[in-house]
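Descriptive analysis of the structure
Next come the chains, spelled out residue by residue.
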Amino acid sequence: AQTVTQSQPEMSVQEAETVTLSCTYDTSESDYYLFWYKQPPSRQMILVIRQEAYKQQNATENRFSVNFQKAAKSFSLKISDSQLGDAAMYFCASFSNDYKLSFGAGTTVTVRA
Amino acid sequence: EADIYQTPRYLVIGTGKKITLECSQTMGHDKMYWYQQDPGMELHLIHYSYGVNSTEKGDLSSESTVSRIRTEHFPLTLESARPSHTSQYLCASSGWGLETQYFGPGTRLLVL
């Protein structure tokens, strides 16, 4: 199984500011996928963004972007122009060839008005 | 995007009762998953299926069982619920050749 590490249990950001969540992973595979999921208080997991390891270009979805450093096995998420609705727990996950996801422990993001 | 449903959303039940958590998806996805998640904690895979009549145990040992008789349906059963089973259970699915998993709303189970 792959290992995913999120070293920041909690992050706080002022509304309209930018916050970056860190994630590192460990894999022996050459082809894999990485994801960031958001889990708001309703507790439904929502896909935020995904990155294919073979793509050098960092994925972007509106205000969400990633910094994918393949050699360092790092996959950070940047939330720009933070909004109150961004408050949630964010999970980093990696996908392995057996079609299973490995999740990190999560980072709770609080947005201050 | 997948439409995936879970029922019930909340369940409070006494020790020793048999329960079945329902999960269904309407996108024809072949792969389905069950995760267990305690509040504020990470997700742990407890069961998965690659298709009809295929079921496998996940990384976290669980006393629950699953079945996959139809592509769209992946129920999870606890024969005798215990307080240690209190948790949230999340169902997910993904399509063939697609790595993205889509999640249902979850079932919060409380065993008294």
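Described below are features of the structure shown in this document.

1. Side note on the pairing of strand 11 (residues 107–111) of chain B
Residues and elements named next belong to chain B. Every second residue of strand 11 is oriented toward a common face, the buried set being Thr107, Leu109 and Val111 and the non-buried set Arg108 and Leu110. Examined bridge by bridge, strand 9 (residues 87–94) and strand 11 share three bridges and lie antiparallel to one another. Paired with tyrosine 89 across the strands is threonine 107, a residue of strand 11.

2. Some details on the interface of chain A and chain B
Taken together, the contact between chain A and chain B spans 21 residues of the former and 24 residues of the latter. Of the roughly 2,000 Å² buried between chain A and chain B, counting both surfaces, carbon and sulfur atoms make up 53%. Of all residues in chain A, Arg43(A), Tyr99(A) and Lys100(A) bury the most surface against chain B, accounting for 33% of the area lost on that side. Where chain A touches chain B, the interface holds one salt bridge. Between Lys100(A) and Asp59(B) there is a salt bridge, with its nearest N and O atoms 3.4 Å apart. Our count for the chain A to chain B interface comes out at five residue pairs in polar contact (both at pLDDT 80 or more).

3. A word on the packing of aromatic side chains
For any pair of aromatic rings, the description rests on two quantities: the centre-to-centre distance and the angle between the ring planes. Residue and element names in this part refer to chain A. Summed over all chains, the structure comprises 13 aromatic pairs over all chains. Ring centres of tryptophan 36 and phenylalanine 75 lie 6.3 Å apart, and the angle between their planes is 25°; on these two criteria the pair is classed as stacked. With a gap of 39 residues between them, tryptophan 36 in strand 5 (residues 33–39) and phenylalanine 75 in strand 9 (residues 74–79) connect regions that are remote in the sequence. A residue is classified by how much of its surface remains accessible, and phenylalanine 75, at 0% relative accessible area, is buried.

4. Things to note about unusual backbone geometry
Residue and element names in this part refer to chain B. Put simply, threonine 7 and proline 8 share a cis peptide bond, and its omega is -10°. Here proline 8 is to be found in the loop between strand 1 (4–7) and strand 2 (10–13). Positive phi is not limited to glycine here, since asparagine 53 has a value of about 65°. Mapping asparagine 53 onto the fold places it in the loop between strand 5 (43–51) and strand 6 (54–57). For asparagine 53, a relative accessible area of 69% puts it in the exposed group.

What counts and what doesn't
Residues numbered from 1 in each chain as written. Chains lettered and ligands numbered in written order. Predicted model: local features only at pLDDT ≥ 70, side-chain atom pairs only at ≥ 80, totals over all residues. Heavy atoms only, no water. Buried < 20%, exposed > 50% of the residue type's maximum accessible area, 1.4 Å probe, protein only. Helix = DSSP H or I, 4+ residues; strand = E, 2+ residues; numbered from the N terminus. Pairing = 2+ DSSP bridges. Contact = heavy atoms within 4.5 Å. Buried area = accessible area lost by both parts, 1.4 Å probe. Salt bridge = Lys/Arg side-chain N within 4 Å of Asp/Glu carboxyl O. Polar contact = N/O pair within 3.5 Å; in protein donor to acceptor, adjacent residues only side chain to side chain. Phe/Tyr/Trp six-rings, centres within 6.5 Å; stacked < 30°, edge-to-face > 60°.

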